[in-house]
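Examining the three-dimensional arrangement
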Amino acid sequence: GGPLTEIARADGTAGRFDSFTADVSLNNFGRVAFTGELNADGDEGLFEGAGGPVATRYLASSSQFAGSISPPSLNDLERVAFAEQTDAGVRGIFRQSPDGGVTTIADDTGELQSFNDRVSLNNLGRVAFTAFDDAFTREALFTGSGDALTEVANTLGDYSSFGLRGPSLNDLGQVAFEADLDDFLSSGVFTGPDAIADAVIRTGDK
């Protein structure tokens, strides 16, 4: 409702950026994380700004990441989480600290495959995400911070899938997520594995 703050501009000609992806993440201090492509050489990466100089979090050309430009999630400590593929072909969920250090939250070298690109990072450093097991027999929603993962819900019960929007994780460790139900007609927003007890709202509610 007030003046706009320009974080970065893509003009396709003389500017630094050629294009941006649609998804951005804003923390409580007004800093914005976004992914984009550079004008000069088409390099892709993750960037951060607040209306002044734009900082580069990583570039595909000079990091371990291939530059899949998935939506980032930025917290108040300027940690950022994202789904990416490494130059070695490993797909996973990663968290980067302000000094550039990278923590692997989960990757496809183990029992998980096919990570959803949309993740949620809280201020304690935990990341919520969804993935399939290596046999593609179930999809599950997890939280993790680089150690053992916590499974929040899966598709072996009332849920058939967790949609494309990704979960939302708060600083109390509570997760909200969209899910379709096993009747393939109903869907809703839930906070746990029980589609009735953990429903925020679902098909049929007034």
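The present account deals with the structure reproduced in this document.

Brief notes about the side chain of Glu-48
In this fold, Glu-48 is placed in strand S3 (residues 44-49). One polar contact links Glu-48 to Arg-31, side chain to side chain, over a distance of 2.5 Å. A polar contact of 2.6 Å, which involves the side chain of Glu-48, links it to the side chain of Arg-57. The contact partners of Glu-48, leaving out residues within four places of it in the chain, are Arg-31, Val-32, Ala-33, Phe-34, Pro-53, Val-54, Ala-55, Arg-57, Leu-74 and Glu-78.

Focus: the pattern of salt bridges
Inspection of the entire model under this criterion finds eight salt bridges. A salt bridge links Asp-23 to Arg-118; its shortest N-O distance comes to 2.8 Å. Remark: Arg-118 occurs in the loop between strand S9 (112-113) and strand S10 (120-121) and Asp-23 occurs in strand S1 (residues 17-26); sequence separation between them is 95 residues. On the basis of relative accessibility, which here comes to 26%, the residue Arg-118 falls in the partly exposed class. As a salt-bridge pair, Asp-117 and Arg-91 come within 2.3 Å of each other at their nearest N and O atoms. Remark: Arg-91 occurs in strand S7 (residues 91-96) and Asp-117 occurs in the loop between S9 and S10; sequence separation between them is 26 residues. In this structure Asp-117 comes out as partly exposed when scored by relative accessible area, which is 31%. Classification of Arg-91 by relative accessible area gives buried; the value is 17%. Each of Arg-31, Glu-48, Arg-57 and Glu-78 takes part in one network of salt bridges that share partners.

Here's the deal with the sheet that holds strand S2 (residues 32-38)
Strand order across the open sheet formed by four strands is S1-S2-S3-S4, with antiparallel pairing between neighbours. If you trace the sheet from one side to the other, it starts and ends with S1 and strand S4 (55-59), each paired once. Direction aside, the axes of adjacent strands within the sheet are offset by 25 degrees on average.

Section: the sheet that holds strand S6 (residues 80-85)
Adjacent strands of a sheet pair through backbone hydrogen bonds, lying either parallel or antiparallel. Reading across the sheet, the four strands line up as S5-S6-S7-S8 and stay open at both edges, with antiparallel pairing between neighbours. Strands with a single pairing partner mark the edges of an open sheet, and in this sheet they are strand S5 (73-74) and strand S8 (102-107).

Let's talk about the packing of aromatic side chains
Tallying each qualifying case throughout the model produces 18 aromatic pairs. Relative to Phe-47, the ring of Phe-17 has its centre 4.9 Å away and its plane inclined at 85 degrees; by these criteria the two rings are edge-to-face. Within this pair, whereas Phe-17 is found in strand S1, its partner Phe-47 is found in strand S3, the two being separated by 30 residues in sequence. Overall, the relative accessible area of 3% leaves Phe-17 in the buried class. Seen from their ring centres, Tyr-58 and Phe-82 are 5.2 Å apart, and the 45 degrees between their planes marks the pair as tilted. Highlighted residues: Tyr-58 in strand S4 and Phe-82 in strand S6, separated in sequence by 24 residues.

Focus on the nonpolar core
Counting 14 residues, the largest nonpolar core has Ile-93, Leu-112, Phe-115, Val-119, Val-127 and Phe-129 as the members making the most contacts within it. Where this core is concerned, the elements lending two or more residues are S6, S8, strand S11 (127-133) and strand S12 (139-144). Here this core takes three residues from S11, the largest share from any one element. The next biggest cluster of nonpolar side chains, apart from the first, holds 13 residues, and it includes Phe-162, Ala-179, Leu-181 and Phe-190.

About the thresholds
Residues numbered from 1 in each chain as written. Predicted model: local features only at pLDDT ≥ 70, side-chain atom pairs only at ≥ 80, totals over all residues. Heavy atoms only, no water. Helix = DSSP H or I, 4+ residues; strand = E, 2+ residues; numbered from the N terminus. Polar contact = N/O pair within 3.5 Å; in protein donor to acceptor, adjacent residues only side chain to side chain. Contact = heavy atoms within 4.5 Å. Salt bridge = Lys/Arg side-chain N within 4 Å of Asp/Glu carboxyl O. Buried < 20%, exposed > 50% of the residue type's maximum accessible area, 1.4 Å probe, protein only. Pairing = 2+ DSSP bridges. Axes fitted to C-alpha atoms, helices over the stretch in contact; angles between N-to-C directions. Phe/Tyr/Trp six-rings, centres within 6.5 Å; stacked < 30°, edge-to-face > 60°. Core = buried A, V, L, I, M, F, W, Y, C linked by side-chain atoms within 4.5 Å.

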